Amino acid sequence: MKTLLVVHIRILAQRQCLNNRVTEDDRYLLAAIGLAQQARDNGNHPFGALLVDPDGNVVVESENTTVTLRDCTGHAETNVMRVASERFDYEFLQGCTLYTSTEPCAMCAGAIFWGNVRRVVFALSERDLRRIAGHNQENATLAIPCREIFARGNHEVEVSGPHLQEQARGVHEGFWD
């Protein structure tokens, strides 16, 4: 399964490169989806995220660690924000973009907001994740799109997504059954 997903992602990336359609956002989202696969392979829920600075450098990346660390807050985005807020100034984070394999949940959106990251790009939507996971208690969720959470804050957070949903769905195939 892992090999097929990786091959599928690589083929898609090569095909899009040939057509000059891979954007910088797509490249980082494919990396986040790769981290989600890594999380799954490591026995965690299939989510991954990374933080990119204004110069295009990946400065923090993480997979979900809720199972292996037995920490309900170990979502990929929250892990990224925990490290980023320790390493970088609040002002620096304002210019960064967080890329994530799946739309941030309410908890992760809060961490992103309070960490001062002002742009979020996601692949799989929260709505589609709920369709895939169903009522599996391993994915208890608050059905609130991150845009709604960010809209209630006192500073703007730009949100772009969903993107590359087919690739993002692939890492969840069979996981929530």
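Before reading on, note that the structure itself is shown above.
Position numbers for residues count from 1 along each chain, tracking the sequence in the order it is written. Selection of residues for local features in this predicted model requires a pLDDT of at least 70, selection of side-chain atom pairs for listing and counting requires 80 or more, and totals for whole chains, interfaces and linings are taken over all residues. The side-chain quantities take in all heavy atoms of the structure and omit both hydrogens and water.

A few words now on the pairing of strand S2 (residues 58-63). In this scheme, strands are said to pair when DSSP sees at least two bridges between them. Numbering goes from the N terminus for both helices and strands, where a helix is a DSSP run of H or I of at least four residues and a strand is a run of E of at least two. Bridge count between strand S1 (residues 48-52) and S2: five bridges; the pairing is antiparallel. Across the sheet, residue Ala 49 finds its bridge partner in S2, namely Ser 62. Connecting S1 to the next strand, S2, in antiparallel fashion are five residues, including Gly 56 with a positive phi near 90°.

Okay, the environment of Gln 137 next. In this structure, Gln 137 sits in the loop between helix H6 (126-133) and helix H7 (146-151). The exposed category is assigned to Gln 137, whose relative accessible area is 65%. C-alpha separation for the pair Gln 137 and Trp 176, spaced 39 residues apart in sequence, amounts to 9.4 Å. Exposure classes here rest on a 1.4 Å probe applied to the protein chains alone. A residue is buried below 20% of its type maximum, exposed above 50%, and partly exposed in between.

Tracing the chain through its elements places Asn 116 in the loop between helix H5 (106-115) and strand S4 (119-124). A polar side-chain atom of Asn 116 sits 3.0 Å from the main-chain carbonyl oxygen of Tyr 90. Within polar-contact distance, the side chain of Asn 116 engages the side chain of Arg 118 at 2.7 Å. Contacts between residues were defined by any pair of non-hydrogen atoms, one from each residue, lying within 4.5 Å. With sequence-adjacent residues up to four places away left out, Asn 116 is seen in contact with Tyr 90, Leu 93, Gln 94 and His 155. Contacts described as polar in this section are N or O atom pairs within 3.5 Å, which, within protein, must combine one atom able to donate a hydrogen with one able to accept it, while residues neighboring in sequence count only if both atoms come from side chains.

A word on the environment of Leu 98. With respect to the helices, strands and loops of the structure, Leu 98 is situated in strand S3 (residues 97-102). Along the primary structure Leu 98 and Leu 50 are separated by 48 residues, whereas in three dimensions their C-alpha atoms are 5.8 Å apart. Beyond its immediate sequence surroundings of up to four residues, Leu 98 is in contact with Ala 49, Leu 50, Leu 51, Glu 77, Val 80, Met 81, Ile 112, Val 117, Arg 119, Val 120 and Val 121.

So, about the sheet that holds S4. The strands making up a sheet are joined through hydrogen bonds of the backbone, oriented either antiparallel or parallel. Across the sheet, which stays open at both edges, the five strands sit in the order S2-S1-S3-S4-S5 with mixed pairing between neighbours. Of all strands in the sheet, those bounded by a partner on one side alone are S2 and strand S5 (158-160). Strand-to-strand twist in this sheet, taken as the mean axis angle between neighbours without regard to direction, amounts to 15°. As paired strands, S1 and S3 are joined by four bridges and run antiparallel to one another. Residue pairing in the sheet places Leu 50 in a bridge with Tyr 99 of S3. Only C-alpha atoms enter the line fits that serve as axes; for helices the fit covers just the stretch in contact. Angles between N-to-C directions range over 0 to 180 degrees.

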